[in-house]
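Read off the chains here:
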Amino acid sequence: MNKLLLSLSLFITTVVVIHAQVKINGVVKNGSTGEEIYNLTVRLNGGLVNEAVITDRIGYFQFVDIPEGEYKLQVFGVGYDLFEKDITVTNGKEIDLGDISLTFNPNTAEIGIITLSDDELSDDESSTASNSGILQSSRDVFARVSAYELGSYWFRQRGLDNKYTDVHFNGVRMNKIDNGRATFNNWGGLNDVTRRPDELTYGIEPSSYAFGSLGGVTNFDTRPSTMRKGSSLAYSSTNRSYKNRIMFTYNTGLMENGWAFMFSASKRWADEGIIKGTYYDAYSYFIGIEKKINEKHTLNFTSFGAPTRRAVGSANTLEIVDLKGIYYNAYWGWQDGEKRNERIRKIFEPMNMLTHHWNINNKTKLVTTLSYQFGKDSSSKLDWYNAYNPSPLYYKNLPSQANNTEEWLNGSASQINWNSLYDYNKGVKDGYSAFWIGSDVNKDKTYSAYTNFSTELNPYIDLIFAASYQKTKSELFRRVDDLLGGDYVKGEDSFNRHSIDLNNPDMKSYKGDRYAYNYEINRDYADLYAESKIKGKLLDVTIGMKAAMTKFYRNGKYKNGIYENDSYGRSKTYDFLDFGIKSNFLLKIDGRNFVQANIMYQTNAPTSDEIFPNARVNDVTVDGVKSAKLFSSDLSYVLRAPRIKARATGFYTRTKDEIKKSYGYIDGTNDQIFVSEILTGVGKEYIGGEFAIETQVIPVLTISAVASIGQYIYKDNADYNLYSDEYAKNEGIAYKNLGIAYIKNYKLGGGPQTGFSLGAEYRDPKFWWFGISGNYLMNNYIDIAAYRRTDRFIKDDNGFPLAGVTEEGLKEILKQGKTKDQFMLNLNLGKTFRIGKYSAGISGSVNNVLNNRKYVTSGFEQMRTGKYSNAIDSNYQKTFGPKLWYGMGATYFANIYFRF
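Parameters and conventions
Residues numbered from 1 in each chain as written. Predicted model: local features only at pLDDT ≥ 70, side-chain atom pairs only at ≥ 80, totals over all residues. Heavy atoms only, no water. Buried < 20%, exposed > 50% of the residue type's maximum accessible area, 1.4 Å probe, protein only. Helix = DSSP H or I, 4+ residues; strand = E, 2+ residues; numbered from the N terminus. Pairing = 2+ DSSP bridges. Core = buried A, V, L, I, M, F, W, Y, C linked by side-chain atoms within 4.5 Å. Contact = heavy atoms within 4.5 Å. Phe/Tyr/Trp six-rings, centres within 6.5 Å; stacked < 30°, edge-to-face > 60°. 1 Å grid on protein atoms, 1.4 Å probe; cavity = no way out; pocket = protein on both sides within 12 Å on 5 of 7 lines; lining within 4 Å. Points joined across faces, edges and corners; volume = space filled by probe spheres on them. Nonpolar A, V, L, I, M, F, W, Y, C, P; charged D, E, K, R; others polar. Salt bridge = Lys/Arg side-chain N within 4 Å of Asp/Glu carboxyl O. Arc of directions from axis to C-beta. Polar contact = N/O pair within 3.5 Å; in protein donor to acceptor, adjacent residues only side chain to side chain.

## What to know about helix α3 (residues 141–148)
Burial within α3 is extensive, with six of its eight residues counted as buried. Taken together, the buried positions of α3 are Val-141, Phe-142, Ala-143, Val-145, Ser-146 and Ala-147.

Structure representation (structure tokens):
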């Protein structure tokens, strides 16, 4: 298949027609003041060309060696309305466009600002997290509308997890080694820096920076000279996870001495968010220093970070939501008259980068970046030893089990009783803490090098070669944060009473000490990427290829009492060699109508979590772990007319040999144990269509409509493996293979698979606007618990069916849950002002205007129900029903800014 794809691509690229070539030039000016405008983007598209240049300090731009043909010229940038002009190149005559006047419109500076609060991007490690914030602004109608309108309600484009989206800064990939996802909190609040990516590809479209994955590539160029010059001050108010935000940015632009300095900072905070018992306290900073040494060489130093401290909320069953509502949070309780939350996430992972831009000539450049990132990401929770479970969500504490509905309603049983925990610790004779607060900590050090060589061999062929290397050392451990009145934490496992570290059998951990687990994951990664674009009169073809090498090993710091031979010291090194190939075909019917096809195949090495499923206590891996295989293709018709923009796309994606991991307690016929559940050989299928149209009915009124219809399923049955300390302790094995999990044709959870949006926006010539959109979300499925789809669910240890199992009962129990379809109404409005040479504006948006509180964004079946007899018991179903996340009801975001 790969040979066929490559041969087809190379054959089509030979279709190239050569014509006479000319130059197109002009000067861009402010239509009101007549001043030349610096640093705007000018794009020329059509014929043999799809290129962009930046206006210089006197507003001048030019395109050279332009073949004959029909073209569309676009001029756009921060603070100005889009300018478009059709151009015809004939007879080799140069075209001087003279002065091009742009209309000053400061409200365009707000296009692309992320108004999604961090509650929608908080669980970066979660497959249910919305990835809509990645897209930011886009000229593609579908990408923009689906990100901002549907994405606000956990709609995921093409159903893809955000681990399939690559995020880069100056070419350096930011995705983490443990789960493959980018941690957006690393640059949260830096909207003035990340408002407009240097490159943003959709799906499997080709990228100038990296091969990418199924979800595209986003790259941010952090040179101050590429961003808006001047100062800005903004204040925002919202009722989501944080309530206030203040942001200041100053950028000198490129000065006559060749220097440019940029500084941006923000603070976001809330004493309590919309979820009860949560708070938010976050800062962020960005420093950019650029030095243009000469016309060929530029150096750019970048430093940014976002120290964040926030309390999080709980996922709840329907039983709890019916009692306490969608804003209920089980993680807090009263202490000394204040709300105290056990689940606090702290993250600060600053990034420092040095980038060199070398313009070798006017057609060739080399960009090289060296970076170092370090810091910690920690999440706290209550821990205990030889004591009761204090969580209100523990099944024995739920109303259905404890018959304490009244206590739940008045709050005495529905929140943590901190005073009782302190009192219990005071009564422990040996002085150790029976209850304490501990944090799971990930402490990373990442060194990266990236280089990108791009050249135009001739007007018809562009080449890109890129290479990267990344070395990461992750320390992972649990730390004592608060002893809650006790003296120390015992060095024994809370459940199995075995020694945490046989090298230190009498270990006592005090505040700030490590306990429970302590190990390192080391990864080396390198890749090579090559891309060639061949531009023809009717057809452009882009071919990209990659090769990658990944190495992992674990280094255990504790000699676990159960895994004496598999926990301490350095593990085996796991090596993976991966490759990929992709092609893009763009058929240019004319300057307005296009047909585009993309096709990709690649292999991806597993993450560290997938290689070492139970890494906290051992270095054992699943037999035969291997790289996942990803195939994807799409076919689109695109219309780009002056007043109508539209796209219709069909797509198909198939994955094989992926790994899925879950933690939990299983209460089964043969297993009543805490486990790590590992599915190998997981295959998924994503198939669907995307449709979008945007039309300017009259100059001040734009109508847009978007539809995404998909079906996303598990395509293969998987091998089911259980890791448990019980197996190691009683049978001397780290895990068991329980055969096949029959998950084929079940739907993927994590968000609606179908979404529709219809919107209208009015923009008055006096710089105020109003927008409204209706959004309908469908086919949102609860993620399944795989154990119920194994033979262990209905058979005993000898393989005989359990008594009482019926085909009808089994069919009903294994039926996948589905949430109700929902309608959401959004509004936005704003006004901008010109104050001399300064600008100001105010804007606001309201999501879910109708205050729909029934919307379930996602959910999952609990692993615990592993026995057929329990699964058909109505009381058991109530207690261990699916865990659900709910939308927030009506939310708002208001923003006011001043630019000078």
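## Brief notes about the pairing of strand β41 (residues 838–847)
With seven of ten residues buried, β41 is to be regarded as a mostly interior element. In the sheet, strand β40 (residues 822–835) pairs with β41 via nine bridges, with the strands oriented antiparallel. Along β41, the bridge assignment pairs Lys-831 with Ile-842. Linking β40 back to β41 in an antiparallel pair, the connection comprises two residues, with Gly-836 at a positive phi of about 65 degrees. Note that β41 and strand β45 (residues 891–899) share nine bridges and pair antiparallel. Across the sheet, Ile-842 pairs through a bridge with Ile-896, a residue of β45.

## Quick word on the nonpolar core
Within soluble globular proteins, side chains that are nonpolar tend to cluster in buried spots. With 55 residues, the main nonpolar core has Phe-169, Trp-187, Phe-304, Leu-679, Tyr-720, Leu-722 and Ile-743 as its most contacted residues. Put simply, the parts of the chain that give this core at least two residues each are β8 (166–169), β21 (351–361), β33 (644–668), β34 (672–698), β35 (701–714), β36 (718–723), β37 (735–741) and α12 (868–871). Dropping the residues within four chain positions of it, Leu-722 is found in contact with Ile-666, Val-675, Ser-676, Glu-677, Tyr-727, Ala-734, Tyr-735, Lys-736, Leu-738 and Tyr-787. Counting 42 residues, the second largest nonpolar core, distinct from the first, contains Ile-177, Ile-437, Ile-521 and Val-622.

## Points about the packing of aromatic side chains
A complete count under the given rule lists 34 aromatic pairs for this structure. Summarising the aromatic geometry, the rings of Tyr-517 and Tyr-519 are spaced 6.0 Å apart at their centres and angled 45 degrees between planes, so their arrangement reads as tilted. Judged by its relative accessible area of 5%, Tyr-517 is buried. Overall, Tyr-519 belongs to the buried group, its relative accessible area being 6%. Through a chain of ring-to-ring contacts, three or more aromatic side chains come together here, namely Phe-169, Phe-184, Trp-187, Phe-220 and Phe-304.

## Describing empty space enclosed by the protein
Per the stated rule, a full pass over the model turns up seven cavities of 30 Å³ or more. Approximately 790 Å³ is the volume found for the largest cavity. Contributing to the lining of the largest cavity are 48 residues, with Asp-166, Arg-173, Tyr-525, Lys-546 and Asn-604 lying nearest its centre. Split into classes, the residues belonging to the lining of the largest cavity amount to 21 nonpolar, 15 polar and twelve charged.

## Re the pattern of salt bridges
Between side chains of opposite charge, a pair can form when the charged atoms approach closely. Enumeration over the complete set of coordinates arrives at 42 salt bridges. For Arg-181, the salt bridge is made with Asp-161, and the minimal N-O distance between the two is 2.8 Å. In this pair, Arg-181 is assigned in the loop between β9 (172–173) and α4 (191–194) and Asp-161 in the loop between α3 and β8, connecting sequence segments 20 residues apart. Among the residues examined, Arg-181 registers a relative accessible area of 10% and is labelled buried.

## A few points about the pairing of strand β16 (residues 297–305)
Relative to β16, strand β15 (residues 280–292) is paired through eight bridges, and the arrangement is antiparallel. When the bridges of β16 are listed, Gly-288 appears paired with Thr-302. Hairpin geometry of β15 and β16 is characterised by an intervening segment of four residues between the two adjacent antiparallel strands. Bridge count for β16 against β21 is eight bridges, and the pairing is antiparallel.

## Here we look at the sheet that holds β8
Spatial strand order, β9-β8-β11-β10: four strands in an open sheet with mixed pairing. Here the strands that pair on one side only, and so sit at the sheet edges, are β9 and β10 (199–200). Pairing between β8 and strand β11 (residues 217–220): four bridges, direction parallel. Note on β11: the bridge partner recorded for His-168 is Asn-219.

## Details of helix α8 (residues 418–426)
All of the buried residues along α8 are Trp-418, Leu-421, Tyr-422 and Asn-425. Seen from one end, α8 has its buried residues packed into an arc of 95 degrees, which puts them on one side. Looking at the packing, one finds that the buried side of α8 touches β18 (332–335), β19 (338–341), β22 (364–384), β23 (435–458) and β24 (461–482). Two to three positions downstream of the cap, the backbone nitrogen of Asn-419 sits 3.3 Å from a side-chain oxygen, assigning the N-cap of α8 to Asn-417.

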